[in-house]
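# Overview (structure and organization)
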Amino acid sequence: MQTSKIRETIQMIDEECLDIRTITMGISLMDCMDADIHESCRKVEEKICRLAKDLVKTGEDISREFGIPVVNKRISVTPISFLVAASGGDPVEYALALDRCAKKLGVNFIGGYSALVQKRYSHGDRELIESIPRALAMTDYVCSSVNIGSTKAGINMDAVKQMGQIIRKCSELTADRNCIGAAKLVVFCNAPEDNPFMAGAFHGVGEGDCVINVGVSGPGVVRAALAQAPKDAPLDEMADLIKRTAFKITRMGQLVGREASKRLGVPFGIVDLSLAPTPAVGDSVAYILEELGVGTCGAYGTTAALALLNDAVKKGGVMAASQVGGLSGAFIPVSEDAGMIHAASCGVLNLEKLEAMTAVCSVGLDMIVVPGDTKAEILSGVIADEAAIGMVNSKTTAVRIIPAIGKKCGETLEFGGLLGSGPVMQINQTPNGVFIDRGGCIPAPMQALKN
């Protein structure tokens, strides 16, 4: 039955670039805590390699048998700051252990070098955050995230200030590798515990011991469907078409996730409904918005079109999946989306417009490349603004911003692979240090008082 449904879905969307962006295995490391950091790292390696030994093979087998690309096989783990609190020592030891696991298992990325400091720092948080630049410079596959705010807790402005400094250090330490360190670091507000997408994935403390989460893709599928519609079709009809297409995409993710869960003997978690683009021409969220009629992404009307798209994707996807979670919406990473790259390069799309767009879509300012001389307090200001949008609107927002060391506006930073390349965008350099240096916290909004 599952095979016939998968083949039916493939036939319905033939030649429209559908793929499963990621199968992510979430693994709890709570039982790996030890007062001896070396013993704790040994336990971490043993558990991850035991549970995920067949993850890559399973993804490849499903891809081959069902004819649907499974692009990435990934692992997310318990925020490592919890383990640091128990063991002490240099947190980078954990990063090196995670990197060894990724290399042994052949996964694309491993996430969870993370800390949750939305209200205050607890023991282990500061040590882990301070170690992030070294950890990302010394590893190849480890991704990091820090949650600095939430609707319930407010925004930890001490952490916001620190993260601006950390991002700069990440770029500086990996300047010889196109500043890749900063590209593997996400700063969240309202971070979800079941996100399968990197670089922000971690296995939340409310999750089970091990789980399979799936992230779907499919911007090319949505764009192809819209391209066949009449150019004068009203927007409510276009929204309905997106819903029906999102149902097909999500059903594929649900079936692949169930199959991976059965073969690995691991409970199935969620399908993340997000439309995740790639640098490939045609596989672009920006092109969907342009198909709706905004001309070039960034023109007036773009935010409204993105709101329509995001809502329709959620409504269509929810009907196709038993459990929906993660980020679930439309990603707008500049370097990973050919249409976004074009719009930014020709000056139509700027940071201010991107910030407005994040109020109605998933994630936030993602894979934004800025001049290499951008000061840490400016980066912190970007984080604070984006966190405020998430906090007030009770949604996930995030910042993945890369100061391109040695580069100026108009130049390009090349990452290669799925991360693509990003134009160095102009950023408002007006001093904001007095605000950032105040520290403390921005209290939770009235929306937090729901009890």
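Residues numbered from 1 in each chain as written. Predicted model: local features only at pLDDT ≥ 70, side-chain atom pairs only at ≥ 80, totals over all residues. Heavy atoms only, no water.

### Quick look at the pattern of salt bridges
Convention followed: Between Lys or Arg on one side and Asp or Glu on the other, a salt bridge is scored when a side-chain nitrogen of the former is within 4 Å of a carboxyl oxygen of the latter. The helix count covers DSSP runs of H or I at least four residues long, the strand count covers runs of E at least two residues long, and both are numbered beginning at the N terminus.
Within the structure shown, the criterion is met by 24 salt bridges. The salt bridge involving R244 is made with D240; its shortest N-O contact spans 2.5 Å. With R244 and D240 both in helix α10 (residues 235–264) and four residues apart, this pair spans about one turn of that helix.

### Here's the deal with the packing of aromatic side chains
Where we set the bar: Centre distance within 6.5 Å is the pairing criterion for rings of Phe, Tyr and Trp, where only the six-membered ring of Trp is used; planes under 30 degrees apart are then read as stacked, over 60 as edge-to-face, and the remainder as tilted. Three labels apply to residues, based on accessible area from a 1.4 Å probe with only protein chains included: buried if under 20% of the type maximum, exposed if over 50%, partly exposed otherwise in between. In our convention, an over-ring charge means Lys NZ or Arg CZ found within 6 Å of a ring centre and within 35 degrees of that ring's normal.
One pass over the structure, following the stated rule, counts one aromatic pair. Pairing F197 with F331 gives two aromatic rings, centres 4.9 Å apart and planes at 70 degrees, and the pair type is edge-to-face. You can see F197 sitting in the loop between β6 (185–189) and β7 (210–216) and its partner F331 sitting in the loop between α12 (302–318) and α13 (338–345), a full 134 residues away along the chain. F331 shares its class with F197; the two are buried. R126 extends its terminal NZ or CZ atom over the ring of Y121, reaching a point 3.8 Å from the ring centre.

### Here we look at the layout of surface pockets
Formally: With a 1 Å grid spanning the protein atoms alone, the term cavity applies to any set of points in which a 1.4 Å probe fits but cannot get out, the term pocket to an open set with protein on both sides within 12 Å along at least five of seven lines, and the term lining residue to any residue with an atom within 4 Å of a point. Grid points are joined across faces, edges and corners, and a volume is the space filled by probe spheres set on the points. Residue polarity follows a fixed list, in which Ala, Val, Leu, Ile, Met, Phe, Trp, Tyr, Cys and Pro are nonpolar, Asp, Glu, Lys and Arg are charged, and the others, Gly among them, are polar.
Its boundaries defined by the atoms lining it, the largest pocket holds a volume of some 300 Å³. Lining the largest pocket are 14 residues, with E355, G381, V382, D385 and N428 positioned closest to its centre. Split by residue class, the lining of the largest pocket holds seven nonpolar, four polar and three charged.

### Focus on helix α11 (residues 285–294)
Stated formally: It only takes one pair of heavy atoms within 4.5 Å for two residues to be counted as in contact. Under the rule applied, a polar contact is a pair of N or O atoms within 3.5 Å (in protein, one hydrogen donor and one hydrogen acceptor; residues adjacent in sequence only if both atoms are side-chain atoms).
Within α11, nine of the 10 residues are buried, which leaves the element mostly enclosed by the surrounding structure. Those residues of α11 that fall on the buried side of the exposure criterion are V285, A286, Y287, I288, L289, E290, E291, L292 and V294. Lining the buried residues of α11 we find α9 (219–227), α10, α12, α13 and α14 (351–358). Two or three places before A286, at the opening of α11, S284 has a side-chain oxygen 3.1 Å from that residue's backbone nitrogen.

### Notes on the pairing of strand β1 (residues 20–27)
Rules: Any two strands between which DSSP finds at least two bridges are classified as paired.
Within β1, eight of the eight residues are buried, which leaves the element mostly enclosed by the surrounding structure. One ladder, built from seven bridges, connects β1 with β7; its direction is antiparallel. In the sheet register, T22 faces β7, and the bridge partner there is G215. Pairing analysis gives seven bridges linking β1 to strand β2 (residues 70–77), with the strands arranged parallel. Each residue of the ladder has a partner; that of G26, found in β2, is S76.

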